Amino acid sequence: MRTADKPFRITKKQVYEAYKAVKSNGGAPGVDKQTIEQFEADLQNNLYKLWNRMSSGSYFPPPVRAVSIPKKSGGQRILGVPTVADRVAQMVVKQHIEPDLDPVFRADSYGYRPGKSALDAIKVTRERCWRYDWVLEFDIKGLFDNIDHELLLRAVRKHVTCKWALLYIERWLTAPMEQEDGAVAERKQGTPQGGVISPLLANLFMHYAFDLWMARTHPDLPWCRYADDGLVHCRTKQEAMTLRVELQARLAECRLEMHPAKTKIVYCQDGKRRGKYPSTTFNFLGYCFRPRLVSTRNGKLFWGFNPAVSGSALNEMRATIRDLHLRRQTQLSLEEIACRINPLLRGWIGYYGRYTPSALYPLFRYVNQRLVAWACRKYKGLRGHKVRASQFLLRLSKACANLFEHWRIGTTGTFA
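Residues numbered from 1 in each chain as written. Predicted model: local features only at pLDDT ≥ 70, side-chain atom pairs only at ≥ 80, totals over all residues. Heavy atoms only, no water.

With respect to the pairing of strand S10 (residues 287–295)
Next, step 1: Two elements, strand S9 (residues 282–284) and S10, share three bridges in a ladder whose sense is antiparallel. Along S10, the bridge assignment pairs Phe 282 with Phe 289.
Next, step 2: Between the end of S9 and the start of S10, which pair antiparallel, lie two residues, with Leu 285 showing a positive phi angle near 55°.
Next, step 3: Pairing between S10 and strand S11 (residues 301–309): nine bridges, direction antiparallel. Across the sheet, Cys 288 pairs through a bridge with Ala 308, a residue of S11.
Next, step 4: The antiparallel pairing of S10 with S11 creates a hairpin that spans five residues between the two strands, and Gly 299 there sits at a positive phi of about 90°. (Pairing = 2+ DSSP bridges. Helix = DSSP H or I, 4+ residues; strand = E, 2+ residues; numbered from the N terminus.)

Okay, structure coming up:
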């Protein structure tokens with residue numbers, strides 16, 4: 001039965017549930033410069049207009065706004081930021097098709113999927129590195145920007161039968177992009193990184209481009225993929241080298257390119273695997289896998305191949321703390337400083353503290369040093385006396401261990 005004589009059956013509840021999901025995710029304004037708060041100011045009317053247009057088939061997405069963000073490896077990545085209303089519309093489609101589409105994906109596809117996380121991918125990779133000597137680490141160059149529309153829509157039409165979902169997916173794929181200088185450019189490939197529906201579409205594309213191809217051609221080699229980052233575990237170096245050539249050809253068939261600088265073959269060296277090899281370390285999802293000294297329960301040390309927070313991730317976290325300019329925030333109390341920092345620390349500890357938590361100690365020391373600098377400017381009696389300020393905060397960390405997240409877990413570290 002159609003809703004209110006509309007050609008497409010989309011309920012108002014679907015639109016409202018989509019809005020709640022978009023609100024919880026936050027995000028920047030699109031080309032109309034409307035924030036979530038401004039959209040919410042006239043919520044009932046905005047949601048009604050969106051529902052009316054979507055259910056009548058007259059909804060056409062506005063251009064996405066191009067936003068440049070720095071890459072970890074240098075350079076810029078272009079995000080395509082939809083308007084708030086368009087994010088709600090994309091969420092309506094995503095929530096409608098994902099329950100049927102997600103079960104199609106393979107177990108070792110971890111990116112942007114309900115019930116799966118990056119830590120799940122780290123866990124399985126850690127265990128496989130103990131069993132397999134070699135890893136092919138690969139990265140796809142500009143996946144979201146280069147997905148072929150024809151191939152993607154072929155996959156979409158195979159699994160999505162809902163007519164209005166198909167209609168709007170096609171419209172989103174070709175929605176133009178407004179550049180930072182105001183120029184509007186047509187888009188003939190890719191799905192904007194920043195769109196709500198894009199991760200699901202990218203996963204579907206990679207399901208056919210890589211996941212099923214691996215299951216068909218190399219069913220004996222375990223792999224793990226998180227969006228455009230992936231790993232394949234191999235038994236020998238020759239096997240890894242052969243796979244690299246085959247995978248490069250396969251991606252070219254799918255009109256994608258393997259990133260030459262981010263793709264490498266790594267030897268998982270540990271206490272049992274000897275020899276000198278040029279590459280015995282790789283980064284994956286913010287963790288660095290490499291040979292590390294590990295202590296057994298009875299206190300014995302041995303070399304194991306294990307993950308810990310990567311150096312680049314530590315640098316990013318320190319930069320985030322530095323950008324808070326804590327030493328200038330002398331109008332704030334220490335409790336207010338803690339309220340600003342603790343959500344960040346809690347997230348970092350929850351993710352990077354899962355494996356080799358001691359690797360986070362340099363970050364904790366950096367936070368403490370920022371607090372010392374703040375105390376030296378906040379209190380007259382501590383100005384110019386870093387040692388005295390360090391001693392003051394060290395005593396406080398023992399008396400009020402719950403004040404900061406890293407104090408609470410008993411890793412206050414040094415304040416010097």
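Read on for the rest.
Let's talk about empty space enclosed by the protein
Next, step 1: Applying the stated criterion across every chain, the model contains one cavity of 30 Å³ or more.
Next, step 2: Roughly 80 Å³ of volume is contained in the largest cavity.
Next, step 3: Val 64, Gln 90, Trp 172, Pro 192 and Ser 198 are the residues nearest the centre of the largest cavity, which is lined by 13 residues in total.
Next, step 4: Of all the elements in the fold, those that place two or more residues in the lining of the largest cavity are helix H4 (84–101) and helix H8 (163–174).
Next, step 5: For the lining of the largest cavity, the per-class residue count stands at seven nonpolar, four polar and two charged. (1 Å grid on protein atoms, 1.4 Å probe; cavity = no way out; pocket = protein on both sides within 12 Å on 5 of 7 lines; lining within 4 Å. Points joined across faces, edges and corners; volume = space filled by probe spheres on them. Nonpolar A, V, L, I, M, F, W, Y, C, P; charged D, E, K, R; others polar.)

Considering the nonpolar core
Next, step 1: Ranked by size, the top nonpolar core spans 70 residues in total, and within it Met 54, Val 93, Ile 97, Trp 164, Phe 205 and Val 232 carry the most contacts.
Next, step 2: It is helix H9 (residues 198–217) that provides the largest number of residues to this core, a total of ten residues.
Next, step 3: Excluding residues that lie within four positions of it along the chain, Met 54 makes contacts with Phe 8, Ile 10, Tyr 59, Ala 89, Val 92, Val 93 and Tyr 168. (Core = buried A, V, L, I, M, F, W, Y, C linked by side-chain atoms within 4.5 Å. Buried < 20%, exposed > 50% of the residue type's maximum accessible area, 1.4 Å probe, protein only. Contact = heavy atoms within 4.5 Å.)

Observations regarding the pairing of strand S7 (residues 229–234)
Next, step 1: Most of S7 is tucked away, with five of its six residues classed as buried.
Next, step 2: Of the strand pairs in this sheet, strand S3 (residues 134–139) and S7 are connected by six bridges, and their pairing is antiparallel. Of the residues in S7, the one forming a bridge with Val 135 is His 233.
Next, step 3: In terms of strand pairing, strand S6 (residues 223–226) meets S7 through four bridges, oriented antiparallel. Within S7, the residue paired with Tyr 226 across the bridge is Asp 229.

Some points on the sheet that holds strand S2 (residues 76–81)
Next, step 1: Strand order in the open sheet made by the four strands is S2-S1-S4-S5, with mixed pairing throughout. At either end of the open sheet lies a strand with only one pairing partner, and these are S2 and strand S5 (184–185).
Next, step 2: As judged from the two bridges shared by strand S1 (residues 64–70) and strand S4 (residues 177–178), these two strands associate in the parallel manner. The residue bridging Val 64 from the neighbouring strand is Met 177, located in S4.

A few points about the environment of His 159
Next, step 1: As for its placement among the helices and strands, His 159 is situated in helix H7 (residues 149–159).
Next, step 2: Take His 159: its relative accessible area is 24%, and that puts it in the partly exposed class.
Next, step 3: Along the backbone, His 159 and Ile 97 are 62 residues apart, and their C-alpha atoms lie at a distance of 9.0 Å.
Next, step 4: Engagement of the side chain of His 159 in a polar contact is seen with the side chain of Tyr 208, the distance being 2.5 Å. (Polar contact = N/O pair within 3.5 Å; in protein donor to acceptor, adjacent residues only side chain to side chain.)

Details of the packing of H7 against H9
Any two packed helices are characterised by the angle at which their axes cross and by the distance between the axes.
Next, step 1: Interhelical geometry of H7 versus H9 gives an angle of 95° and a closest axis separation of 9 Å. On the basis of the axis angle, H7 is roughly perpendicular to H9. Within the contact between the two elements, H7 uses Leu 151, Leu 152, Ala 155, Val 156, Lys 158 and His 159 and H9 uses Leu 201, Leu 204, Phe 205 and Tyr 208. (Axes fitted to C-alpha atoms, helices over the stretch in contact; angles between N-to-C directions. Parallel < 35°, antiparallel > 145°, perpendicular 65-115°, else oblique.)

Description of unusual backbone geometry
Next, step 1: In this structure, Leu 285 takes a positive phi of about 55° despite not being glycine.
Next, step 2: Mapped onto the secondary structure, Leu 285 falls in the loop between S9 and S10.
Next, step 3: Phi is positive for His 325, close to 50°, though the residue is something other than glycine.
Next, step 4: Take His 325: it is sitting in the loop between helix H11 (311–322) and helix H12 (334–352).

Purely geometric numbers; function is a separate question.
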